[in-house]
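# Working through the structure, step by step
Each chain, letter by letter, is given below.
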Amino acid sequence: MARMNRPAPVEITYKNMRFLITHNPTNATLNKAPVLVALALIECGMKYEDAVQFIRQKRRGAFNSKQLFYLEKYRPKMRLRFKDSNGHRNNCCIQ
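Residues numbered from 1 in each chain as written. Predicted model: local features only at pLDDT ≥ 70, side-chain atom pairs only at ≥ 80, totals over all residues. Heavy atoms only, no water.

By the naming in an unreviewed UniProt entry, the protein chain goes by Protein tyrosine phosphatase type IVA 3 and is assigned to Periophthalmus magnuspinnatus. According to the UniProt record, the Catalytic activity (unreviewed entry) comment for the protein chain reads "O-phospho-L-tyrosyl-[protein] + H2O = L-tyrosyl-[protein] + phosphate". (UniProt positions renumbered as here; feature names shortened; annotations may be inferred.)

Before going further, it helps to examine the packing of aromatic side chains. Enumeration according to the criterion identifies two aromatic pairs in this entry. Between Y14 and F54, the aromatic rings sit 5.7 Å apart at their centres with planes inclined by 75 degrees, giving edge-to-face as the arrangement. With Y14 in strand β1 (residues 10-14) and F54 in helix α2 (residues 48-58), this residue pair connects regions lying 40 residues apart in the sequence. Here the aromatic rings of Y70 and Y74 are separated by 6.1 Å at their centres, their planes lie at 40 degrees, and the arrangement is tilted. Judged by its relative accessible area of 43%, Y70 is partly exposed. (Phe/Tyr/Trp six-rings, centres within 6.5 Å; stacked < 30°, edge-to-face > 60°. Helix = DSSP H or I, 4+ residues; strand = E, 2+ residues; numbered from the N terminus. Buried < 20%, exposed > 50% of the residue type's maximum accessible area, 1.4 Å probe, protein only.)

Here we come to the pattern of salt bridges. Under the criterion given, the structure shown has one salt bridge. Taking the shortest distance from any N to any O, the salt bridge between E11 and R18 comes out at 2.5 Å. Since its relative accessible area comes to 33%, E11 is described here as partly exposed. (Salt bridge = Lys/Arg side-chain N within 4 Å of Asp/Glu carboxyl O.)

Residues M17, F19 and I21 point to one face of strand β2 (residues 17-21) and are all buried, whereas R18 and L20, pointing to the other face, are not buried. For β1 and β2, the ladder comprises five bridges, and the chain directions are antiparallel. Each bridged residue has a counterpart across the sheet, and for I12 the counterpart in β2 is F19. (Pairing = 2+ DSSP bridges.)

This brings us to the nonpolar core. Counting residues in each nonpolar core, the largest one holds 22 residues, and the members touching the most others are V37, L41, I55, F63 and L71. Elements represented by at least two residues in this core include exactly β1, β2, α1 (33-43) and α2. Per element, the largest residue contribution to this core is seven residues, and it comes from α1. (Core = buried A, V, L, I, M, F, W, Y, C linked by side-chain atoms within 4.5 Å.)

And the structure:
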């Protein structure tokens, strides 16, 4: 039985967030890690195309066609934004 070659884990860092992606998806496996990272970036205000490109700079082929279609249609709910004590909107903050 042939052993599958899996790429080494890759860390994605954006602002104060850090993510670890450990496996490339295929249309058969549908690994969700890249999608979850992209969703977090989109929720922080990044366009989906930029989020995909940002992740693919570290992990080539990080998305399959179904995942790309989902991300294209996704509309952020701005859940990762908050207002400071003065009522000013700040960028993404996860602790």
